[in-house]
Structures are given as structure tokens and as C-alpha cells.
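The primary structure of each chain is shown beneath.
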Amino acid sequence: MSGVPRIKVNHHHTFFYQYEPTLLDSLEAQDIPAPYNCRGGYCGCCKVRLLDGEVEYVQDSLLDLQGDEILTCCCIPKGHIELELPED
């Protein structure tokens, strides 16, 4: 994939990845209220659904995830992705 990865969140917010250390950091840089707690792949609070695209894990998660679940504190986008975050 060429170009800067595009991240779409909850079908309405789109931004471009700026090479932050994790996807969670990217969401926070865009003032998107993303859930988190431990930032280490232990608690699962940052678990979201990956609707489209692929991510690369930069640190191991200690949780068992379903096929469409990712931990934003542990990964970065490999290309364009679409996420579904829990809404309050």
C-alpha cells in the first residue's frame, strides 16, 4: 500500500495516520474519545472492532480476541482501516 493510511471511525470521522507509536495514540491525537486503561494489552479496555483493513501488532496482547477485535494500545494500521468504537 502506498500513501498515508486513512483511519475511519464509526462511519463518520476520518483522519490520516501520523505515525504515532500506537493506534490509541493516533485516536487521542485526533481528540477521539477512545477507551483505554492499562496501555499494555492486559485489560482489554481499548478493544474495538476492525471493520475493514489490517493492523500490525507492535507489542503482544495477553487477551484472546475474536476475529474482528483489536486492541488499539498494541497496534498500528498496515494500510487504510475502518474501526467501530463503543459509543456512550
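These lines cover the structure that appears in this document, whether it is placed above or below. Keep in mind it's a predicted model, so treat the numbers as computed, not measured. (Residues numbered from 1 in each chain as written. Predicted model: local features only at pLDDT ≥ 70, side-chain atom pairs only at ≥ 80, totals over all residues. Heavy atoms only, no water.)

1. With respect to the pairing of strand β3 (residues 47-52)
Alright, step 1. Here three bridges tie β3 to strand β5 (residues 69-71), and the two strands are oriented antiparallel to one another. Pairing of Arg-49 across the sheet is with Glu-69, part of β5. (Pairing = 2+ DSSP bridges. Helix = DSSP H or I, 4+ residues; strand = E, 2+ residues; numbered from the N terminus.)

2. Observations concerning the sheet that holds strand β7 (residues 81-84)
Alright, step 1. Strand order across the open sheet formed by five strands is β2-β1-β7-β3-β5, with mixed pairing between neighbours. Edge strands, defined here as strands with exactly one partner in the open sheet, are β2 (13-16) and β5. Between one strand axis and the next, the sheet turns by 35 degrees as a mean value, whatever way the strands run.
Alright, step 2. As defined by bridge partners, strand β1 (residues 6-9) adjoins β7 across three bridges and the pair is classed as parallel. Bridged to Ile-7 within β7 is Ile-81. (Axes fitted to C-alpha atoms, helices over the stretch in contact; angles between N-to-C directions.)

3. Quick notes on the pattern of salt bridges
Alright, step 1. All told, the structure shown has six salt bridges when counted by the stated rule.
Alright, step 2. Note that Lys-78 and Glu-54 form a salt bridge whose closest N and O atoms lie 3.7 Å from each other. Residue Lys-78 is found in the loop between β6 (75-77) and β7, and its partner Glu-54 is found in the loop between β3 and β4 (55-57); the two are separated by 24 residues along the sequence.
Alright, step 3. Under the relative-accessibility criterion, Glu-54 is labelled exposed at 52%. (Salt bridge = Lys/Arg side-chain N within 4 Å of Asp/Glu carboxyl O. Buried < 20%, exposed > 50% of the residue type's maximum accessible area, 1.4 Å probe, protein only.)

4. A short note on the nonpolar core
Alright, step 1. Among the nonpolar cores identified, the biggest contains 22 residues, and Ile-7, Leu-27, Ile-70, Leu-83 and Leu-85 are the most heavily contacted of them.
Alright, step 2. Broken down by secondary-structure element, the contributors of at least two residues to this core are β1, α1 (23-29), β3, β5, β6 and β7.
Alright, step 3. The dominant element in this core, judged by the number of residues it contributes, is α1, at three residues. (Core = buried A, V, L, I, M, F, W, Y, C linked by side-chain atoms within 4.5 Å.)

5. Quick look at the layout of surface pockets
Alright, step 1. Here the largest pocket defines a volume of roughly 180 Å³.
Alright, step 2. Considering the residues around the largest pocket, the lining is formed by 10 residues, among which Asn-10, Ile-32, Pro-33, Pro-86 and Glu-87 are closest to the centre. (1 Å grid on protein atoms, 1.4 Å probe; cavity = no way out; pocket = protein on both sides within 12 Å on 5 of 7 lines; lining within 4 Å. Points joined across faces, edges and corners; volume = space filled by probe spheres on them.)

6. Some thoughts on the packing of aromatic side chains
Alright, step 1. Taken as a whole and assessed by the stated rule, the structure comprises one aromatic pair.
Alright, step 2. Directly above the aromatic system of Tyr-36 lies the positively charged group of Arg-39, at a separation of 4.4 Å from the ring centroid. (Phe/Tyr/Trp six-rings, centres within 6.5 Å; stacked < 30°, edge-to-face > 60°. Lys NZ or Arg CZ within 6 Å of the ring centre and 35° of its normal.)

7. Considerations on unusual backbone geometry
Alright, step 1. The backbone of Asn-10 sits at a positive phi, close to 50 degrees, despite the residue not being glycine.
Alright, step 2. Among the secondary structure elements, Asn-10 is positioned in the loop between β1 and β2.
Alright, step 3. Asn-10 gets classed as buried once you look at its relative accessible area, which sits at 12%.

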